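Overview (structure and organization)
The primary structure of each chain is shown beneath.
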Amino acid sequence: MTPATLHEFLVRGVLSPIRHGLAPAEVHTLCGDPTDTSVSLKPRIWKYGSLQVAFSRAKLSGSECVNFIGLYYREEPFWLPPAILLADWWLSVGTTLPEFQNRLKELDVPFVIDSQLTFESQTTLKVGIGVCVCFTIDGAEPVIDSMQFTARAKAANQALNPTGNRPAS
């Protein structure tokens, strides 16, 4: 199995082997029974430790598939299902905003501050293809809270930037 990399998640929205378009049965085969599920079915959300996967119905086919992948750093320990092997994963609970931004610059991954999702207690970056990376401001330095990829964000980012030009960072 190919290990998941943070770079791949930020620039492609893939947390190998979890990716947009997988059916619930495929996610279940890969990860087993979720540790928790949402009460609502729209969207249906499965939780596996620090990972959340949401399913929605595709407009054309009507079949249910992954359209959201979220990673949450709110609680220790950060853990993922055994199917997700991590390589180059340099984030941990307590990673600060400046540390994250410096690492993105080293890796040449584009990012911008999302002014619509940034306010007094939170700073949010749009990274790579549109992954939202949220930092909680609760002390001297903002610390990582979550990373979220939605298929809609990828489509919106491509529609706004069809030439592939990098946003300013």
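In what follows, the structure referred to is the one given above.
Predicted model, so just to flag it, every value in this text is computed and none were measured. (Residues numbered from 1 in each chain as written. Predicted model: local features only at pLDDT ≥ 70, side-chain atom pairs only at ≥ 80, totals over all residues. Heavy atoms only, no water.)

**Considerations on helix H3 (residues 97-107)**
Structurally, the α-helix is built with 3.6 residues per turn, so residues lying three or four positions apart point the same way. Along H3, the residues classified as buried are Leu97, Phe100, Gln101 and Leu104. Taken down its axis, H3 places every buried residue within 95° of arc, on the same side. Those residues of H3 that are buried are in contact with helix H1 (6-12), strand S7 (111-113), strand S8 (122-127) and strand S9 (131-136). Among the residues trailing H3, Asp108 stands out with phi positive, at a value near 60°. (Buried < 20%, exposed > 50% of the residue type's maximum accessible area, 1.4 Å probe, protein only. Helix = DSSP H or I, 4+ residues; strand = E, 2+ residues; numbered from the N terminus. Arc of directions from axis to C-beta. Contact = heavy atoms within 4.5 Å.)

**Focus: the nonpolar core**
In a soluble, globular protein the nonpolar side chains are often hidden away together inside. In this structure, Phe9, Leu10 and Met147 are the most contacted members of the largest nonpolar core, which totals 37 residues. Not counting residues within four places of it along the chain, the set of residues in contact with Leu10 comprises Phe100, Leu104, Val109, Val127, Gly128, Ile129, Val131, Val133 and Met147. (Core = buried A, V, L, I, M, F, W, Y, C linked by side-chain atoms within 4.5 Å.)

**Here we look at the pattern of salt bridges**
In total, this model carries five salt bridges according to the counting rule given. Among the salt bridges present, the one from Glu64 reaches Arg44, with a minimum N-O distance of 2.4 Å. Taken together, the residues span a long stretch of sequence, with Glu64 in strand S5 (residues 64-72) and Arg44 in strand S3 (residues 44-48) at a distance of 20 residues. The exposure class of Arg44 is partly exposed, given its relative accessible area of 23%. A salt bridge links Arg103 to Glu106; the nearest nitrogen and oxygen atoms lie 4.0 Å apart. On the criterion of helical spacing, the pair formed by Arg103 and Glu106 is a turn pair, its members being three residues apart in helix H3. (Salt bridge = Lys/Arg side-chain N within 4 Å of Asp/Glu carboxyl O.)

**Details of the side chain of Glu8**
With respect to the element layout, Glu8 can be found in helix H1. A polar contact is formed between the side chain of Glu8 and the side chain of Arg12, at a distance of 2.7 Å. Once residues within four sequence positions are removed from consideration, Glu8 is found in contact with Pro3, Gly13, Val14 and Ser16. (Polar contact = N/O pair within 3.5 Å; in protein donor to acceptor, adjacent residues only side chain to side chain.)

**Concerning the packing of aromatic side chains**
Within this structure, the stated rule accounts for four aromatic pairs. On the numbers, 5.4 Å between centres and 40° between planes, the contact of Trp90 with Phe100 is tilted. Taken together, the residues span a long stretch of sequence, with Trp90 in the loop between strand S6 (86-87) and H3 and Phe100 in helix H3 at a distance of 10 residues. Under the relative-accessibility criterion, Trp90 is labelled partly exposed at 21%. A cation over a ring is seen here: Arg44 above Phe55, with NZ or CZ 5.7 Å from the ring centre. (Phe/Tyr/Trp six-rings, centres within 6.5 Å; stacked < 30°, edge-to-face > 60°. Lys NZ or Arg CZ within 6 Å of the ring centre and 35° of its normal.)

**Re helix H2 (residues 24-31)**
Regarding H2, the residues found buried are Pro24, Val27 and Cys31. When H2 is viewed along its axis, its buried side chains cluster within an angular range of 60° and face the same direction. Among the exposed residues of H2, those pointing more than 90 degrees away from its buried face are Ala25 and Thr29. Among the structural elements, S3, strand S4 (51-57) and S5 are those in contact with the buried residues of H2. Once H2 ends, the next one or two residues include Gly32, with phi positive near 80°.

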